Amino acid sequence: MIAAKAYAVQSATDKLGEWSFERREVGPSDVQIEILYCGVCHSDIHQARNEWGGSKYPMVPGHEIVGRITKVGADVTKFKEGDLAGIGCLVDSCHECVNCKNG
Amino acid sequence: MDKVTPTYGGYSNRIVTTESFVCKVSEKLSLEGVAPLLCAGITTYSPLRKWKVGKGHKLAVLGLGGLGHMAVKFAVAFGAEVTVLSTSANKEDDARKLGAHNFVNTKDAEQLKKYAGYFDFIIDTVSAEHDYTMYFRLLGINGVHICVGLPPTPIQFSGFALMGGNRVLTASSIGGLPETQEMLDFCAEHGIVSDVEVIDMAYINDAYDRILKSDVKYRFVIDMATL
């Protein structure tokens, strides 16, 4: 596992504070990104405070992510180390359901 | 990916994810201004593209925050005539600086009257409760009201105001990954980024308070070097 640090909320009534955790190892199709900037969306607040329901804690908000690739898995074709990269709201969707297949 | 561990987000120094969920980012743009494109950008770009908003269209942007300011930039780049509708008269200068052609203070009944039936599209970025019926009446025949804001309570409006003029009420949720890449490429080509206030990580709780007061032009972005 890969050591990471973050600002997280531990409950719906908690303020954001420092938190250490682990990211998964870089798999064959994975990339590792050193995050440089992350935007703050109003929905981060809704999620952190469980205003839409279904929030899980501890939670690290943030879905406007830009950074630089520091490691790529063996099967990665789109990126190489040093490339700039962005991650938005969609991660780990199934690729199989009607929503995924519609892009 | 084990379907058990929650995905932790971006207020963090590093992240590991499958490459298919990662977009390419141009070296040409300011990175801090690119970050909000991944949500505020695609959320406004996607419906404007879906409805083919462009030259010859009159589009109103309702609300001038993180989403609204991106809607103005995209719609102007697509060639539409853009009007910002706001309850704050003091936002006119900001709207025009972003490229808007017109500004309407929606608290001024006289100004509203002038724009009755005027618009082809309204992109509605407001996430507080507001009067949909009043805005439908600003749409012309077949006019389209596109919701991208999420008010906390069920929406109420006059069916007559929607049906008269065959108006359309629709909504849009973010945008898919291929379209997100298309949007980032479009931004690189046209020099479009979000207007941001860069903050230190430790300022985040204060930033939340200010977001709730709409006190930001137009997006906070955390400099992760400060974590």
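Let us look at the structure shown here. (Residues numbered from 1 in each chain as written. Chains lettered and ligands numbered in written order. Predicted model: local features only at pLDDT ≥ 70, side-chain atom pairs only at ≥ 80, totals over all residues.)

A word on the overall build of chain B
Consideration 1: When you go through chain B residue by residue, the secondary structure sums to nine helices and 10 strands.
Consideration 2: For 227 residues, the compact-globule formula gives about 17 Å, and the C-alpha radius of gyration of chain B, at 18 Å, lands near that figure.
Consideration 3: Reported as C-alpha extents along the three principal axes, the dimensions of chain B are approximately 50 × 35 × 35 Å.
Consideration 4: Across the 227 residues in chain B, those meeting the buried criterion constitute 42%.
Consideration 5: For chain B, restricting intrachain contacts to residue pairs at least 6 apart in sequence, the fraction spanning at least 24 positions comes to 62%. (Helix = DSSP H or I, 4+ residues; strand = E, 2+ residues; numbered from the N terminus. Rg over C-alpha atoms; globule rule 2.2 N^0.38 Å. Buried ≥ 20, exposed ≤ 12 C-beta atoms within 10 Å, placed from the backbone. Contact = placed C-beta atoms within 7 Å.)

A closer look at the overall build of chain A
Consideration 1: In terms of regular secondary structure, chain A is built from two helices and five strands.
Consideration 2: Listing the helices and strands of chain A from first to last along the sequence gives β-β-β-α-β-β-α.
Consideration 3: Projected onto its principal axes, the C-alpha coordinates of chain A cover approximately 40 × 35 × 25 Å.
Consideration 4: For chain A, the residues scored as buried account for 37% of the 103 residues in total.
Consideration 5: Expressed as a percentage of contacts within chain A between residues at least 6 apart in sequence, the contacts between residues at least 24 apart total 50%.

With respect to the packing of helix H2 (residues 40-50) of chain B against helix H3 (residues 66-77) of chain B
To characterise two packed helices, one gives the angle between the axes of the helices and the distance between these axes.
All names here are of chain B.
Consideration 1: Orientation of H2 relative to H3, taken along the N-to-C sense of each, is 50°, at an axis distance of 8 Å. Between H2 and H3, the angle is such that the two are oblique. H3 is crossed by H2, and the crossing has right-handed handedness. Note on element contacts: H3 touches H2 through Gly 66, Leu 67, Met 70, Ala 71, Phe 74 and Ala 75, opposite Ala 40, Gly 41, Thr 43, Thr 44, Tyr 45 and Leu 48.
Consideration 2: Along the lines of polarity and charge, the residues of the contact of H2 with H3 split into eight nonpolar, four polar and no charged. (Axes fitted to C-alpha atoms, helices over the stretch in contact; angles between N-to-C directions. Parallel < 35°, antiparallel > 145°, perpendicular 65-115°, else oblique. Left-handed = near helix turned anticlockwise from the far one by under 90°. Nonpolar A, V, L, I, M, F, W, Y, C, P; charged D, E, K, R; others polar.)

Here we look at the nonpolar core
Consideration 1: One finds Leu 59, Val 61, Ala 75, Ile 122 and Ile 123 of chain B to be the most contacted residues of the largest nonpolar core, which totals 87 residues.
Consideration 2: Element by element, the count of residues in this core is highest for strand S3 (residues 30-40) of chain A, at seven residues.
Consideration 3: Not counting chain neighbours up to four residues away, the residues in contact with Ile 122 of chain B comprise Ala 60, Leu 62, Tyr 135, Leu 138, Leu 139, His 145 and Ile 146 of chain B. (Core = buried A, V, L, I, M, F, W, Y, C linked by C-beta atoms within 7 Å.)

Some details on the interface of chain B and chain A
It is common to give the size of an interface as the accessible area lost on bringing the parts into contact.
Consideration 1: Taken together, the contact pairs 52 residues of chain B with 47 residues of chain A.
Consideration 2: Within the residue set of the side of chain B that touches chain A, elements represented by two or more residues are strand S1 (14-18), strand S2 (23-24), helix H1 (31-34), H2, helix H8 (177-190), helix H9 (204-212) and strand S10 (219-223) of chain B.
Consideration 3: Partitioned by chemical class, the residues of the side of chain B that touches chain A number 32 nonpolar, 12 polar and eight charged.
Consideration 4: In the sheet, S3 of chain A pairs with S1 of chain B via five bridges, with the strands oriented antiparallel. Residue pairing in the sheet places Asp 30 of chain A in a bridge with Thr 18 of chain B of S1 of chain B. (Pairing = 2+ DSSP bridges.)

A few points about H8 of chain B
Consideration 1: Between its first and last C-alpha atoms H8 of chain B spans 20 Å; for 14 residues at 1.5 Å apiece the expected length is 20 Å, and the two agree.
Consideration 2: The complete set of buried residues in H8 of chain B reads Thr 180, Met 183, Leu 184 and Cys 187 of chain B. Buried residues of H8 of chain B, viewed axially, fall in a sector of 95°; they line one side. Of the exposed residues in H8 of chain B, the ones pointing more than 90 degrees away from its buried face are Pro 178, Glu 189 and His 190 of chain B.
Consideration 3: Those residues of H8 of chain B that are buried lie in contact with strand S5 (84-87) of chain A together with S2 and H2 of chain B.
Consideration 4: Taken from the residues just after H8 of chain B, Gly 191 of chain B is the one with a positive phi, measuring 65°. (Expected span 1.5 Å × (residues − 1). Arc of directions from axis to C-beta.)

What to know about the pairing of strand S4 (residues 81-86) of chain B
Residue and element names in this part refer to chain B.
Consideration 1: Burial analysis of S4 places five of its six residues in the buried class, the great majority of the element.
Consideration 2: For strand S3 (residues 58-62) and S4, the ladder comprises five bridges, and the chain directions are parallel. Residue pairing for S4: Leu 59 is matched across the bridge by Val 82.
Consideration 3: With H3 bridging S3 and its parallel neighbour S4, the resulting β-α-β unit is right-handed.
Consideration 4: Summarising the sheet, S4 and strand S5 (residues 102-105) pair through four bridges and their orientation is parallel. Directly across from Thr 83, in S5, lies its bridge partner Asn 102. (Right-handed = clockwise from strand over helix to strand, strands pointing away.)

Quick notes on the sheet that holds S3 of chain B
Residue and element names in this part refer to chain B.
Consideration 1: Spatially, S5-S4-S3-S6-S7-S8 is the arrangement adopted by the six strands of the open sheet, whose pairing is parallel. The open sheet has two edge strands with one neighbour each: S5 and strand S8 (168-171). Recorded for the sheet is a direction-independent mean angle of 20° between the axes of neighbouring strands.
Consideration 2: Note that strand S6 (residues 119-124) and strand S7 (residues 139-147) share five bridges and pair parallel. Bridge pairing in S7 places Phe 121 opposite Val 144.
Consideration 3: Its contacts with the sheet place H3 against S3, S4 and S6, and it is angled at close to 165° to S3.

Thoughts on the pairing of S6 of chain B
Residue and element names in this part refer to chain B.
Consideration 1: With five of six residues buried, S6 lies mostly within the body of the structure.
Consideration 2: Note that S3 and S6 share four bridges and pair parallel. Directly across from Ala 60, in S6, lies its bridge partner Ile 122.

Any functional reading would require information beyond the geometric quantities listed.
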